[in-house]
Structures are given as structure tokens and as C-alpha cells.
Amino acid sequence: MTVRHQPMIDEWYPVALASQLPPGGRATQLMGTPVLVVADDPIRVVTDDGRDLPVTLRYGHVWTSLGQPAKQLFDIPEADQPGRRLIEVGVVRVRCSPLRAVENFLDIAHFPFVHTDILGAEPHTEVGKYDVEIREKEDEVWATKVQFYQPQAAKSATGGITTDYMYRVPAPTSSVLYKTCPARPGEWDVITLFVQPLQEDLCDVWPWMALFDDETATTDLIHFQQMIFLQDRSILENQIPRLLPLDPGREIPTRADLTSVAYRRWLKRHQFTYGAQLVAQ
Amino acid sequence: MPAARERLTIRGRLGADSFLPWVMRHAARLGLAGDIRHADAGRVDIDLRGPVDLIDAMEMGCLLGPIDVWVETIDRTPSSSI
Amino acid sequence: MPVEMLRDWIPVALSADLPAATVLPAHTPSGILALWRSASGKLTALADRCPHRGMRLSYGFVRGEALSCIYHGWSYGQTGQCLRIPAHPELAPPGAIKAASYAVEERNGVIWIAFEPPEAPPPSLEGFQPVRSITVNMDAGAITPNGTVRTQLAGVDVLLIVAGIGDRETIAHVMVDAAASATDRIAVSNAVEGWRRTCEQLGLKELAS
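Residues numbered from 1 in each chain as written. Chains lettered and ligands numbered in written order. Predicted model: local features only at pLDDT ≥ 70, side-chain atom pairs only at ≥ 80, totals over all residues. Heavy atoms only, no water.

### What to know about the pattern of salt bridges
All names here are of chain A. As a reminder of what qualifies: Here, a salt bridge means any side-chain nitrogen of Lys or Arg that lies within 4 Å of a carboxyl oxygen of Asp or Glu. The helix and strand labels rest on DSSP assignments: H or I over at least four residues marks a helix, E over at least two residues marks a strand, and numbering proceeds from the N terminus. With a 1.4 Å probe rolled over the protein chains alone, any residue whose accessible area is under 20% of its type maximum counts as buried; one over 50% counts as exposed, and the rest are partly exposed.
This structure, assessed with the given rule, holds 35 salt bridges over all chains. With its nearest N and O atoms 2.8 Å apart, the salt bridge here joins aspartate 204 to arginine 93. With aspartate 204 in strand E14 (residues 202–211) and arginine 93 in strand E8 (residues 92–94), this pair connects stretches of sequence that are 111 residues apart. We classify aspartate 204 as buried; its relative accessible area is 1%. In this structure, the salt-bridge partner of arginine 95 is aspartate 201, at a minimum N-O distance of 3.6 Å. Pair noted here: arginine 95 is in the loop between E8 and helix H2 (98–105) and aspartate 201 is in the loop between strand E13 (188–199) and E14, with a separation of 106 residues, a long-range link.

### Re the interface of chain C and chain A
Using the following cut-off: Throughout, a residue-residue contact means that at least one pair of heavy atoms, one from each residue, lies within 4.5 Å. Once two parts are brought into contact, the accessible area they lose, counted with a 1.4 Å probe and summed over both, makes up the buried area. Whenever two N or O atoms come within 3.5 Å, that pair is a polar contact, provided that in protein one can donate a hydrogen and the other can accept it, and provided that, for residues adjacent in sequence, both atoms are side-chain atoms. Residues are sorted three ways: Asp, Glu, Lys and Arg are charged, Ala, Val, Leu, Ile, Met, Phe, Trp, Tyr, Cys and Pro are nonpolar, and all the rest, Gly among them, are polar.
Facing 21 residues of chain C, the contacting portion of chain A comprises 26 residues. For the pair chain C and chain A, the summed buried surface comes to about 2200 Å²; carbon and sulfur atoms form 54% of the total. Counting the surface chain C buries against chain A, the share from its top three residues, C:Arg49, C:Arg53 and C:Tyr71, is 32%. In this structure, the connection of chain C to chain A is made through 4 salt bridges. Here A:Glu103 and C:Arg53 are joined by a salt bridge, their closest N and O atoms 3.7 Å apart. Put simply, chain C and chain A have 16 residue pairs in polar contact (both at pLDDT 80 or more) between them. Considered class by class, the residues forming the side of chain C that touches chain A number 11 nonpolar, 5 polar and 5 charged.

### Remarks on the interface of chain C and chain B
On the chain B side, the residues contacting the 6 residues of chain C number 8 residues. Across the chain C to chain B interface the summed buried area is about 510 Å²; carbon plus sulfur atoms make up 73%. Summed over the shared surface of chain C and chain B, the result is 0 salt bridges. Linking chain C to chain B there are 0 residue pairs in polar contact (both at pLDDT 80 or more).

### Here we look at the sheet that holds strand E3 (residues 31–37) of chain C
Residue and element names in this part refer to chain C. What counts here: A pair of strands is treated as paired once DSSP finds two or more bridges between them. Fitted lines through C-alpha atoms serve as axes, helices being fitted only where they are in contact, and the angles separating the N-to-C directions of these axes extend from 0 to 180 degrees.
What the 6 strands build is an open sheet, ordered E1-E10-E9-E4-E3-E2; its pairing is antiparallel. Each edge of the sheet is formed by a strand with only one pairing partner; in this case those strands are strand E1 (10–14) and strand E2 (22–28). The mean angle between the axes of side-by-side strands here comes to 30 degrees, regardless of whether they run parallel or antiparallel. Pairing geometry for strand E9 (residues 101–107) and strand E10 (residues 110–114), over 5 bridges, is antiparallel.

### Here we look at the layout of surface pockets
Let me state the cut-off plainly: We place a 1 Å grid over just the protein atoms. Points where a 1.4 Å probe fits but has no way out form a cavity, open points with protein on both sides within 12 Å along at least 5 of 7 lines form a pocket, and any residue with an atom within 4 Å of a point lines it. Grid points are joined across faces, edges and corners, and a volume is the space filled by probe spheres set on the points.
Each pocket or cavity is described by its volume, and for the largest pocket that value is around 400 Å³. A:Val132, A:Leu258, A:Ala262, A:Arg265 and B:Leu63 are, among the 21 residues lining the largest pocket, the residues nearest its centre. Of all the elements in the fold, those that place two or more residues in the lining of the largest pocket are strand E9 (131–135) and helix H5 (258–270) of chain A together with helix H2 (52–64) and strand E4 (70–78) of chain B. Its residues assigned to classes, the lining of the largest pocket comprises 10 nonpolar, 1 polar and 10 charged.

### Let's talk about the packing of helix H1 (residues 19–29) of chain B against H2(B)
The geometry of a pair of packed helices is captured by two quantities: the angle between their axes and the separation between those axes. All names here are of chain B. The test is simple: The sense of a crossing depends on the near helix, which, turned anticlockwise from the far helix by less than a right angle, makes the crossing left-handed and, turned clockwise, makes it right-handed.
One way to put it is that H1 packs onto H2 with a least axis distance of 10 Å and a crossing angle of 145 degrees. You can see that H1 and H2 cross each other, and the crossing is right-handed. Between H1 and H2, the contacting residues are Trp22, Val23, His26 and Ala27 on the first element and Ala57, Met58, Gly61 and Cys62 on the second. Class assignment of the residues belonging to the contact of H1 with H2 gives a composition of 6 nonpolar, 2 polar and no charged.

### Things to note about the nonpolar core
Definition in use: As used here, the term nonpolar core means buried Ala, Val, Leu, Ile, Met, Phe, Trp, Tyr and Cys residues forming a set that is joined through side-chain atoms within 4.5 Å.
Counting residues in each nonpolar core, the largest one holds 112 residues, and the members touching the most others are A:Tyr167, A:Tyr263, B:Ile10, B:Met58 and C:Leu57. Looking at this core, the element that brings in the most residues is H2(B), giving 8 residues. A:Tyr263 has contacts with A:Leu99, A:Val102, A:Glu103, A:Leu106, A:Val141, A:Val169, A:Pro172 and A:Leu244, leaving out every residue within four places of it along the chain. Listed in part, the 20 residues of the second largest apolar core include C:Met138, C:Val149, C:Val156 and C:Val192.

See below:
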């Protein structure tokens, strides 16, 4: 790994689901470095040369770092809220940059086209103005006042609603989405994408949710989220270039892409460049 | 969509040689006519005329810019004198 | 058929494989293009990359006379010009926003594209009718030096038009006499798989030697 990527080395990344760790452990890799998630008590993560890496168990996942994280893993208070169902969706491998996977998760303009009649539908394609900021204290990207009309926004919804959204990027390859909760107006449903960067153009994506929904079977909740993500995967594996351009180069971002632009700026400022293209080609 | 006339005031660490040609190339990619009114290592003013959605897109692109430039803020002011 | 013509024009697909209102990826030695036919039947070949965020246009959908990108629905007309950006429905996209377009012609059931403005139309291949296309894991140059193969398959005279589409990969468009019967066409269609295997085995032998 080159010095260029040093800032990303000191971050936390998901490498396994604690509840699904086989007795022999899980052999995987993190930014090109092989690691083994060992099913000891407590769970350990070790490198090929026997080095123990830092480990955190949170949101059902095993998190580790190749370096020395300056702070604890980001907090999602909704995870501890009574009455919420915590859903582990399971890993999906995607042949794309880990940064592209996050950028796609932050985007809503694709709902009517990629998730047709589920998260969006023509002619409701207009993306209104919304707010984006980098919250300096937490050092996170936040998009708020995002709205989109959806025919069937969640398993617990009957009929179409205008859904409110907030997006949050608390780490270079993790994103949290807050959306209107049909079962409990006033609360937010929480859906996350925790992305494990395997290589600059290969990642394991670990979706996770914290929902208020007393009706829907867990398998249906999981299948719904998997279906949405598999639709996104066919996009992610067919974007040119594979790496995320930090210089828009030949791309044309519009106002609807404001969250993506803020994410790329935040990556650029922190020199989080693993999976990024620096010079436009 | 009627044409708007706005001045984008771009501030940051803009001193790289790459920035001004980059800005003009991105404006051309959007079909926007633009004139650079001021340029130094900390601030670039560009006057743009065109549909407001395209001026929004120009702001999006310029918030990123080339890798060796850091744009801190972009202020927009309507201009009747463009 | 003169070699010079084949140098400008690349045979990418059969007309029968691109019905109205469909798009497919057209493989060429210089990369993939988004080849599509509008609802009224007009052909367009565009660079396989949406200028918005780089999604392959060959994964899009054709509606009426336009091709839409599957990611955010940006739609393009027959010269590659962007016609609509659904997230900003009030915006008339400027002419500057476009996907590069290339010359495309259809003759006698074969679709050809050219990267540089061509001086002459593509070969007419009169007297022939297309049967099917097939990809072969072999360099086009190792199959034939001049882009065509004349042979017999299942006792039927066959003309194969070949074009390299990548590292050791070639597409071959199989043609028979215009007067050939349906039975002959089916026999050729089946027999060409054996022809492919023979090519690939010869290719492997060459690699091994």
C-alpha cells in the first residue's frame, strides 16, 4: 500500500458478521492486505504475519483497522433504541470501487430508473433543492431536507408517500440513511451501508438496518434490501472509470448530485484516496 | 428556462496553473459562456450567463476542480452587468 | 471484397439481433459502443458512456426516438445530443452535453460502424443473407488475414465476416447464399459451432508451440 493511501489505513472497516462467523473464521482482505477474522472469544482479527489488529464489535459486525484509528467507531444512537428491529442483511461482493458504492448509496435521482416502482417512478423524477454540510465537530458529511415521492418506500408502507431523507457519511466507506418511518411518524428508519474495501476496484458491502416495523417478517425485510442492492450492483459494476474521480473530469455533476459532490470534497480534503482517481482521464 | 446572469466567486487554494483552463473547459462542457473577471491564488471570479440549472452545475463542478486545487467556498451573486 | 472497405467499416451485429426500440453493446477492436435502434427503426452508435456519471449507455433503454441511461434517465437523440435530464425537467440541455456518435449503416441484414468519417458505404454483400453471429476465442488475424472466410459448413457455401473485438477474441457474422433454404440455414447455424471449436483448437496449438 502506498503512502498516498495512509489516511484511509487508520480508519475502521467491517470484515464479518459476528453472528455468522464460522468456527474456522473468515479469511478476507482489507485494501489488499490479507486478514483472518478468528472465532475466538473475544473475536480477533490477525494479519498473515500474526499481528493482532484493533477490533470493535458494533451493529452486529466485526470492525477492524490496518492502522491506528484516532477515534472510536461512529455512533448510531438508533441502534440502542427500544422497539427497533436490527436487521443484518449479509454480505454482497461488488466489482467496483468502495467509494463508488458509497456514492451510489447517497444518490436519489436514480430511484425512478434503477428501483422503478419501488423507491421511485416516472414522472416523479425531479430532485428539489436540499441542504448539505460538512459538520466540523463530528467531521461528517450530512445531507438534510431531502425529499422524494415514492410509490412503495418501505415494506411497511401501503401506497405512495413523499419520503423525507437524511444522509450521513461518518467514515470514508460507511454511509447512514435516515428515512420517513411509516409505522412511527416522527421517527426515522435507519438503513446503512458498511463497505469493506478489498481492493481499489473490489469491495464487500454489508447492509444493516434499524427499523420500527412490527409486521414484516425478517426474511422479507432482508430480501427487500437485497433486491434493492442487487439493482444497484448492476450499475456499480458498469461505470467508467471504475475508480471514483475526485476531479470530475469528463463527468457532469448537477445540483441533484450535491451530496456526491460533498462526499468527494470530504474525501479529497482528508486524502481518502483508496479507490479514487486523482487525475481525470 | 430563462437565462440567468451570475458571478461565481470561488475562494480557496487556487494557485495551481491547472485551475483556470480547467474552469473554462468545464464551462464549455456545460455549453456556458463565461468570462474570468479576477484571478489570483486565493480567488477567481467568473461571470456566467445561461440557464440557472447549468450555473448550478458549474458550481458543482467547480466545488471539486482539479486535484491540486482546494475550493473552500463559492458565492453567487446575480449580475445585471454581464 | 476489397480489403480497403473493411478497414473503415467494422461489422458489429446482424439487423435481426437489434429489433426496434432496443440497444446492445457493439464490440469493436477499439472498445464497446452503445448500438441502438429507435422505435421508428433508425440506427445510432454512441460511445458507451453517459457523460453524467460514466454509466454504460448499452445498459439503457430505448423509448421512442431516444436512448435513456439506466442510471438517472438522461436521454440522448440520434446524434448523441442530450435531450432531457429527468432530475431537472425544466432544463433544456445545451448542445455541449452529448455522447460521441459514430457512423452506422445497415446493408443486407448486417450492421456496420465506422470510427472515422467513411469515404464509401460498407460492403453490400449482395447475394448473401445473414444467419447468425458467433464469438471465437482467437485473434481475428489468425483466423483470416483479410476479414473474410469462404468455406463450406454442412455442405453449404458460407461467407464469414470477422472482426477482432479484444485480446484473442473475434466476432464472426455468418452469411449464406440469398437463395439458401431454411433447412440450409439451420444446418449452417448448428455447424458453425463446430467451426468455432476447430478454430479455437488450432489457436491453442499455436499458443502451445
